[in-house]
Amino acid sequence: MPPTPPSPTCTASGARWKTVGREILLHLIEFLVTSYRRDPVITRLLNNTQIHIMPTMNPDGFEATKVPDCYYTRGRYNKNGEDLNRNFPDAFENNNASIQPETQAVMNWIKNETFVLSANLHGGALVASYTFDNGNSVTGSSKGYSRSPDDDVFIHLAKTYSFNHASMYKGMGCDSRQTFPEGITNGYSWYQLEGGMQDYNYVWGQCFEITLELSCCKYPPADQLEKFWRDNKAALIEYIKQVHLGVKGQVTDRNGNPIPNAIVEAKGRPHVCPYRTNEHGEYFLLLLPGTYVINATVPGFKSMLKTVEIPDTTGNFSALKQDFSFSEVSIRSRAASCPKTPLYQDLERASAATKPTLHILVLMTVMLVIFK
């Protein structure tokens, strides 16, 4: 059994094909293990947080780069010629790409762990980009911005990294045509991307992930790598601390046994694939300080609502704890999962189907204006 209260999990996936992300994560591993019991902040962080680090998702692409330069792109593809960051199931449209072994391994990893916060590291720009990367009318993409139900949290996460980075917060792009105010951007606002990892992680992994573009040059000279680590060191640590935002707890039955697959969400923040408890009945919701109503639901039973006042707990390395006990329940909830299909596409169609009157009124208004 995991520790009680449950310890949230943070993951960092690095360098699918970029030198900088790979090197930074190797430096991070060394810094964490050598600072334990020497640095009080790192010691408390490690005592209260499960941290998983994958320095390289695409080793074939990394090794394939024989003559690297700042803009060389051969390394972004795996041995089969597939871009792994276009290879995940997409929540907005059918992704026809064949799931690669590396992608499937990461999907299995996400499924088998309870990841709460994540970052994936890239090169080619200097910005913290957040979900959604793709979008439709449900997420407001027609206005050039694809908004998630937790947009405020994602903006906070991106700014946390940017403002603690040596220069990302300045918002200066890699050339005069590209600027990012405060060093952050909504992924869709930057460019539309189908099959990306951060959207997949948020929708199907119940994990808040952002994309960190850490260098204008994808393959900088070796003597510059140490400086990249120094530029990112404080930002990485502060970002990991954010896994302790919000509220966490356990859902149990009348005998105190954990209830897996119970739905636990903050009112007004419905996820297209509802967030559920893990096999230990644990849930984690990243939320900014404020007042929220948390709704816990065991299928077939009445929902339970609790109002919580969430403080800023990142400095204490422990989110607010709020448990739920269903006295009338004495059975284990059956396994439940969302299909790996374009869920937001289905939601958009359902939304359109329930608004025929609105469409007719809009049409009549347009006709009246025209004929006047």
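What you see is a predicted model; the values in this text were computed from it and never measured.

A.B. asks: Could you clarify how one ought to interpret the packing of helix H2 (residues 40-48) against helix H8 (residues 225-241) in this entry?
C.D. replies: Pairs of packed helices are described in terms of their axes, by the angle between the two and the distance that separates them. In the contact formed by H2 and H8, the axes pass within 11 Å of each other and the chain directions differ by 40 degrees. In terms of orientation, H2 lies oblique with respect to H8. For the element pair H2 and H8, the recorded crossing hand is left-handed. Contacts between H2 and H8 involve Val41, Ile42 and Leu45 from the first element and Ile237, Ile240 and Lys241 from the second. Looking at the contact of H2 with H8 residue by residue, the classes come out as 5 nonpolar, no polar and 1 charged.

A.B. asks: Could you clarify how one ought to interpret the sheet that holds strand S10 (residues 290-297) in this entry?
C.D. replies: Sheet strands associate in pairs through backbone hydrogen bonding, adopting either a parallel or an antiparallel arrangement. Sheet architecture is open: 3 strands sit in the order S8-S10-S11, paired in antiparallel fashion. Strands at the two margins of the open sheet, each flanked by one partner only, are strand S8 (263-266) and strand S11 (304-310). Neighbouring strand axes in the sheet, compared pairwise and without regard to direction, differ in orientation by 25 degrees on average. Examined bridge by bridge, S8 and S10 share 4 bridges and lie antiparallel to one another. Across the sheet, the residue bridging to Ala266 is Ile294, located in S10.

A.B. asks: Would you explain the state of the cysteines in this entry?
C.D. replies: Here, disulfide denotes a covalent bond that connects the sulfur atoms of two cysteines. Counted according to the given criterion, the structure contains 3 disulfides. The disulfide bridge from Cys70 ends at Cys217, spanning 2.0 Å between sulfur atoms. Sign of the S-S torsion, about -90 degrees for the bond between Cys70 and Cys217, identifies this disulfide as left-handed. Residue Cys70 is found in the loop between helix H3 (59-64) and helix H4 (101-112), and its partner Cys217 is found in the loop between strand S6 (208-215) and H8; the two are separated by 147 residues along the sequence. Judged by relative accessible area, which is 25%, Cys70 ranks as partly exposed. The disulfide partner of Cys174 is Cys216, and the S-S distance across this bridge is 2.1 Å. Every disulfide takes its handedness from the sign of the S-S torsion; for Cys174 and Cys216 that torsion is -90 degrees, giving left-handed.

A.B. asks: Can you walk me through the UniProt feature "active site" (unreviewed entry) in the protein in this structure?
C.D. replies: Within this structure's numbering, the places UniProt gives as "active site" (unreviewed entry) are Glu213. You can see Glu213 is positioned in strand S6. You can call Glu213 buried: its relative accessible area is 6%. Here Glu213 is in contact with His122, Gly123, Gly124, Ala125, Leu126, Val127, Met168 and Trp190, once residues within four sequence places are set aside.

A.B. asks: Can you help me understand the packing of helix H5 (residues 151-164) against H8 in this one?
C.D. replies: The interhelical angle for the contact between H5 and H8, taken along N-to-C directions, is 150 degrees, at an axis separation of 7 Å. As judged from the angle between their axes, H5 and H8 are roughly antiparallel. The crossing of H5 and H8 is right-handed. Every residue of H8 that contacts H5 at Leu157, Thr160, Tyr161 and Asn164 is listed here: Asp231, Asn232, Ala234, Ala235, Leu236, Glu238 and Tyr239. When its residues are assigned to classes, the contact of H5 with H8 shows 6 nonpolar, 3 polar and 2 charged.

A.B. asks: Just to check I follow, could you spell out the nonpolar core for this structure?
C.D. replies: As a rule of thumb, nonpolar side chains are buried together in soluble globular proteins. Counting 80 residues, the largest nonpolar core has Val203, Phe208, Ile210 and Ile294 as the members making the most contacts within it. It is H8 that contributes the most residues to this core, 8 residues altogether. Every residue in contact with Ile210, bar those within four places of it in the chain, is listed here: Ser118, Ala119, Asn120, Ala128, Ser129, Tyr130, Phe154, Leu157, Ala158, Gln198 and Tyr239.

A.B. asks: Explain the pattern of salt bridges to me, please; I cannot follow it from the model alone.
C.D. replies: Per the stated rule, a full pass over the model turns up 10 salt bridges. Two residues, Asp83 and Arg86, come together in a salt bridge whose shortest N-O distance is 3.9 Å. Residue Arg86 is classed as partly exposed on the basis of its relative accessible area, which comes to 26%. Residue Asp346 is joined to Arg349 by a salt bridge in which the shortest nitrogen-to-oxygen separation is 4.0 Å. With Asp346 and Arg349 both in helix H9 (residues 343-353) and 3 residues apart, the pair spans about one turn of that helix. Connected through shared salt-bridge partners, Arg76, Asp83 and Arg86 make up one network.

A.B. asks: Explain unusual backbone geometry to me, please; I cannot follow it from the model alone.
C.D. replies: Trans is the common state for peptide bonds, and a negative phi is the common state for residues other than glycine. In this model, Thr131 is joined to Phe132 through a cis peptide bond whose omega is 10 degrees. Mapping Phe132 onto the fold places it in the loop between strand S4 (125-130) and H5. One non-glycine residue, Asn261, lies in positive phi territory at about 65 degrees. Here Asn261 shows up in the loop between strand S7 (247-253) and S8. Asn261 gets classed as buried once you look at its relative accessible area, which sits at 14%. We note that Phe317 has phi near 55 degrees; this positive angle belongs to a residue other than glycine.

Quick notes on the rules
- Residues numbered from 1 in each chain as written.
- Predicted model: local features only at pLDDT ≥ 70, side-chain atom pairs only at ≥ 80, totals over all residues.
- Heavy atoms only, no water.
- Axes fitted to C-alpha atoms, helices over the stretch in contact; angles between N-to-C directions.
- Helix = DSSP H or I, 4+ residues; strand = E, 2+ residues; numbered from the N terminus.
- Parallel < 35°, antiparallel > 145°, perpendicular 65-115°, else oblique.
- Left-handed = near helix turned anticlockwise from the far one by under 90°.
- Contact = heavy atoms within 4.5 Å.
- Nonpolar A, V, L, I, M, F, W, Y, C, P; charged D, E, K, R; others polar.
- Pairing = 2+ DSSP bridges.
- Disulfide = S-S within 2.5 Å.
- Buried < 20%, exposed > 50% of the residue type's maximum accessible area, 1.4 Å probe, protein only.
- UniProt positions renumbered as here; feature names shortened; annotations may be inferred.
- Core = buried A, V, L, I, M, F, W, Y, C linked by side-chain atoms within 4.5 Å.
- Salt bridge = Lys/Arg side-chain N within 4 Å of Asp/Glu carboxyl O.

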